[in-house]
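Structural overview for review
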Amino acid sequence: MFAALPFRATELGAGPVSLGLLPTLYAAGYMLSASLGGRVSDRVPRLALVRRAGLAFSVVAASLAFADRLGVLFALLPLAGLALGFYWSPLQAALADEAPAEDLSRSIGRFNVAWCLGKGSGIVFGGLLTAAFSPVAVLSCAAVPGVLIALVLARHRSSSEPAVASRDVASAFASRPPRFSATFLRLAWMTNALAYGVVGTVNMHAPRLLREQGGGPAEFGLVFGAVFLVQTLTFAAHGRRATGPRALLASLALAVVGLCVFVGSTSLGGRLLATLPLGLAIGLAYHASLQASLDRATGRGRAAGWHETILGAGSSTLPLLGGAAASITGRAAAPFGVALGVVATGAAIAATLRGGRRVPAEESRD
């Protein structure tokens, strides 16, 4: 969906500010529902919420395909966010319900590899299909996965109580000291928000920059999809390890490097090179934020909801600020300069607090 969205919005007359507003509108709905969805899933069967949310998203995606005015597109995006807020937080909490405490990091790694393969391949094929057919055709295709999820996802869990299903796992978590300090958790949420703010900036503002330099939807899909391919490889390599403060500092530093390389490149090869640090940055940040959120005896749905809510805030705010900067300056590269300044500030904060390093020494392995 997000591979086709900026191109469809441009067809309907969107300028830089409108493009920056697209992820903000989506994130507004997502932030409203991600935290709520997580809290609700601590009280009701989680996978039942996931199935219903998948179907709701399919309805919205199909509606986006038929939107013939920018205002309609704007009105539908918060509904997409509302649906997915009740999807991701319960799904992540369900993962922690099933994973033994000593194996949570590996389970999170595999989970992250799975969703990232879907997102990365969707973006690559979405860009290629947008170039070959149209944004409307791709938005229509985006309605299919939610229906498949509702059909395929195991139904035997729908009637079980989450508290009963996870009682043994909760006891295992409660029997050992917490791995992560409150400071680390908050810095992990911040780092993840900033990393995804960078990715949101690329998603919404790279098409205009590429067009000015002779590129198009296919190149955009390859570059943006490559970011998530690198993120997937990062999950696969890093998923067996417990995260730590150095992962946060490395993520923010890599995001700065990736932005500099991306903006400074005028060729496909240079932009593909920039996807290496950008993909590493979001991989390290997401793994740290999700693991610190789920590694707890109780309230995993609530913590996963905050992980997703703050991610949504970052992924929407930076593109919006960047769109305003592009509108004021008239420069297609302005959004990336805004993102660079904000992420550099975040890196300084994390370095000052040493990445929230107050976890037991034996657990801080990277």
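Let me begin by describing the structure that accompanies this report. Here the residue numbers are simple positions, counted from 1 along each chain's written sequence. Owing to the predicted nature of the model, reporting of local features is limited to residues with pLDDT of at least 70; listing and counting of side-chain atom pairs is limited to 80 or more, with chain, interface and lining totals taken over all residues. Only heavy atoms go into the side-chain values, all of them from the structure, while hydrogens and water stay out.

1. Considerations on the overall build of the chain
Think of it this way: any DSSP run of H or I at least four residues long counts as a helix, any run of E at least two long counts as a strand, and we number them from the N terminus. When its secondary structure is counted, the chain shows 15 helices and zero strands. Residues classed as buried in the chain amount to 56% of the 366 residues present. Residue pairs in contact within the chain that sit at least 24 positions apart in sequence constitute 87% of those at least 6 positions apart. Here the open area of atoms and residues is found with the Shrake-Rupley method and a 1.4 Å probe, where only the protein chains shown may cover a residue. Total accessible area on the chain stands at roughly 14,300 Å², and carbon and sulfur atoms take up 66% of it. Buried residues are those whose accessible area, probed at 1.4 Å on protein chains only, stays under 20% of the maximum for their type, while exposed residues exceed 50% and partly exposed ones sit between those limits. Whether two residues touch is decided by their heavy atoms; if any such pair falls within 4.5 Å, the residues are in contact.

2. Details of the side chain of Ser251
Relative to the elements of secondary structure, Ser251 occurs in helix α12 (residues 245-264). Residue Ser251 is classed as buried on the basis of its relative accessible area, which comes to 0%. The contacts of Ser251, once residues within four sequence positions are left out, are Thr191, Ala195, Ala281, Leu284 and Ala285.

3. Considerations on the nonpolar core
Side-chain atoms within 4.5 Å are what join buried Ala, Val, Leu, Ile, Met, Phe, Trp, Tyr and Cys residues into a set we call a nonpolar core. Residues Leu22, Leu73, Leu77, Trp88 and Trp115 are the most contacted members of the largest nonpolar core, which totals 83 residues. Broken down by element, the residue count for this core peaks at 14 residues, all from helix α4 (residues 70-98). Judged by nonpolar contacts, the second largest core, of nine residues, contains Leu187, Trp189, Leu248 and Ala288.

4. Overview of the layout of surface pockets
Cavities and pockets were defined on a 1 Å grid built over protein atoms only: a cavity is a set of grid points that admits a 1.4 Å probe from which the probe cannot escape, a pocket is an open set flanked by protein on both sides within 12 Å along at least five of seven lines, and lining residues are those with an atom within 4 Å of any such point. Grid points are joined across faces, edges and corners, and a volume is the space filled by probe spheres set on the points. By volume, the largest pocket amounts to about 1,300 Å³. Lining the largest pocket we find 40 residues, and of these Phe2, Leu84, Trp88, Gly118 and Lys119 sit closest to its centre. If one sorts the elements of the lining of the largest pocket by residue count, helix α5 (residues 104-132) sits on top with 11 residues.

5. As for the packing of aromatic side chains
Geometrically, a pair of aromatic rings is defined through the distance of the ring centres and the angle of the planes. We call Phe, Tyr and Trp rings a pair once their centres come within 6.5 Å, taking the six-membered ring for Trp, and we label the pair stacked below 30 degrees between planes, edge-to-face above 60, and tilted otherwise. Per the counting criterion, the structure on display carries 13 aromatic pairs. Taking 5.7 Å as the distance between ring centres and 70 degrees as the angle between the ring planes, the aromatic pair formed by Phe7 and Phe220 counts as edge-to-face. With Phe7 in helix α1 (residues 5-11) and Phe220 in helix α11 (residues 217-238), this pair connects stretches of sequence that are 213 residues apart. Judged by relative accessible area, which is 11%, Phe7 ranks as buried. Taking relative accessible area as the criterion, Phe220 reaches 1% and is therefore assigned buried. Taken together, the ring pairs in this structure connect Tyr87, Trp88, Phe111, Trp115, Tyr196, Phe235 and Tyr286 into an aromatic cluster.

6. Considering the pattern of salt bridges
In what follows, salt bridge is the name for a side-chain nitrogen of Lys or Arg lying within 4 Å of a carboxyl oxygen of Asp or Glu. In the structure shown here, the tally under the stated rule is six salt bridges. Residues Asp68 and Arg69 are paired through a salt bridge, measuring 3.7 Å at the closest nitrogen-oxygen approach. Relative accessible area serves as the criterion here: at 53%, Arg69 is assigned to the exposed category. Where Glu219 meets Arg271, a salt bridge forms, and the shortest distance between an N and an O atom there is 2.7 Å. Here Arg271 lies in helix α13 (residues 268-294) and Glu219 lies in helix α11, a separation of 52 residues in the sequence. Both residues of the pair, Glu219 and Arg271, count as buried. Among the charged side chains, a network of salt bridges with common partners joins Asp42, Arg46 and Asp97.

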